[in-house]
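# A structural walkthrough
Next come the chains, spelled out residue by residue.
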Amino acid sequence: MLYRGKMQYNNMPVIKLELVSKVYGFGDATTVALDDINLIVEKGEFVAVMGPSGSGKSTLLNIIGLLDRPSQGTFVLDNRNVSKLRSRQRAKARRDKIGFIFQSFNLLPKMTVLDNVALPLAYKGITTMRRLNTASKLLDKIGLKSREYYLPHQLSGGQVQRVAIARALINKPSLIIADEPTGNLDT
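Figured I'd write up the structure that's included with this text. (Residues numbered from 1 in each chain as written. Predicted model: local features only at pLDDT ≥ 70, side-chain atom pairs only at ≥ 80, totals over all residues. Heavy atoms only, no water.)

This brings us to the nonpolar core. Nonpolar side chains tend toward joint burial in soluble globular proteins. Ranked by internal contacts, the top residues of the largest apolar core, which has 20 residues, are I15, L17, I64, F75, L77 and L175. At the level of secondary structure, the elements contributing two or more residues to this core comprise β2 (13–24), β3 (31–42), α1 (57–64), β5 (72–77), β7 (98–101) and β8 (175–178). For this core, the leading source of residues is β2, giving 4 residues. Setting aside its immediate chain neighbours within four residues, L175 contacts V14, I15, I64, L77, K97, I98 and G99. Core analysis: the next-biggest nonpolar cluster, separate from the first, contains 18 residues, L107, V117, L138 and V163 among them. (Core = buried A, V, L, I, M, F, W, Y, C linked by side-chain atoms within 4.5 Å. Buried < 20%, exposed > 50% of the residue type's maximum accessible area, 1.4 Å probe, protein only. Helix = DSSP H or I, 4+ residues; strand = E, 2+ residues; numbered from the N terminus. Contact = heavy atoms within 4.5 Å.)

Now the structure itself:
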C-alpha cells in the first residue's frame, strides 16, 4: 500500500520505475518479490510503503536505494537510467543522490557523533575542516551540537536517530530512503 504526500515543487520525477520485477532463486526455488511494478515519485513528494511481511517492501527499497538490481524493468533516478549501472557507478549515484536512514541507525560506534554525520562528505572529497563545520551546523539545527563529541552509545535512542537523520541529510540528496525513521522520536 502506498501513501503519498506532496510539498510544493515542479512536477519532475525523482524516481520512475517501469515494469520492475525482482526474482530470487531459480527453478522450483523461485520467489517473485516484485512483479511488474510501476511507480513515479516526483520531487517534493513523500511516499510511505506499507504492507505485511514478505510483501516486497524491503526489496523495493533496496532497488530504489541502488543496493540491489531489478531482474527486469527500468529504474530512472533523476532522469538517469540506473537499472544497469556497474558497481562503481551505482556507488557514486548512491553517494551523490540518496540519503539512507536505517531502522538500526548504522552509526559507526567508535566515531563521534560529529564524525558520523560528516562521514558522507569525506567520500565526496571535501576537506576535513569543511565537512566538520558543515556537520556541526547541521547538528546545531537538530539540537545536538552539545553532543558532537559523544559516541553513539552515549546517546539516547531518539538522539541516535536524529544523528542518523542528520547523516542522511548532510549531502543534500535528491532522495531520502527511511526505514521507520521516526520510531524513537517524540513529537
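Okay, the sheet that holds β2 next. One key point about sheets: their strands pair by backbone hydrogen bonds, in either a parallel or an antiparallel sense. Strand order in the open sheet formed by 4 strands is β3-β2-β5-β6, with antiparallel pairing between adjacent strands. Across the chains shown, the open sheet's two edge strands, defined by having one partner strand only, are β3 and β6 (80–81). α1 rests against β2, β3 and β5 of the sheet, and its axis sits at about 125 degrees to β2. (Pairing = 2+ DSSP bridges. Axes fitted to C-alpha atoms, helices over the stretch in contact; angles between N-to-C directions.)

Take unusual backbone geometry next. Residues other than glycine seldom take positive phi values, yet L66 does so here, at roughly 60 degrees. Inspection of the secondary structure assignment puts L66 in the loop between α1 and β5. Assessed through its relative accessible area of 2%, L66 is described here as buried. Phi is positive for N106, close to 55 degrees, though the residue is something other than glycine.

What follows is about helix α3 (residues 113–122). Burial runs high along α3: 7 of the 10 residues are buried. Within the span of α3, buried status applies to V113, L114, N116, V117, A118, P120 and L121. Looking at the packing, one finds that the buried side of α3 touches α4 (128–141) and α5 (157–169).

All right, on to the layout of surface pockets then. As a volume, the largest pocket reaches approximately 1200 Å³. Lining of the largest pocket is provided by 39 residues; of these, V47, L175, I176, I177 and A178 occupy positions nearest its centre. Mapped onto the lining of the largest pocket, the elements with two or more residues apiece are β2, β3, β4 (45–49), α1, β7, α5 and β8. Counted by class, the lining of the largest pocket contains 26 nonpolar, 6 polar and 7 charged residues. Lining the second largest pocket are 16 residues, with I98, F100, P120, Y123 and R167 positioned closest to its centre. At the level of elements, α2 (87–97), β7, α3 and α5 are the ones that each hand at least two residues to the lining of the second largest pocket. Classifying every residue of the lining of the second largest pocket by side-chain character gives 10 nonpolar, 3 polar and 3 charged. (1 Å grid on protein atoms, 1.4 Å probe; cavity = no way out; pocket = protein on both sides within 12 Å on 5 of 7 lines; lining within 4 Å. Points joined across faces, edges and corners; volume = space filled by probe spheres on them. Nonpolar A, V, L, I, M, F, W, Y, C, P; charged D, E, K, R; others polar.)

Okay, α4 next. Helix length check: α4, at 14 residues, gives a terminal C-alpha distance of 20 Å against a target of 20 Å (1.5 Å per residue), a fit within 8%. Looking at the buried residues of α4, the elements they touch are α3 and α5. In the segment just after α4, G143 is the residue with positive phi, at about 80 degrees. (Expected span 1.5 Å × (residues − 1).)

Right, let's talk about the side chain of D68 for a bit. By the element assignment, D68 lies in the loop between α1 and β5. Side chain to side chain, D68 and K22 meet in a polar contact 3.2 Å long. Once you skip the residues sitting within four places of it in the chain, D68 turns out to touch K22, Y24, N62, I63 and R90. (Polar contact = N/O pair within 3.5 Å; in protein donor to acceptor, adjacent residues only side chain to side chain.)

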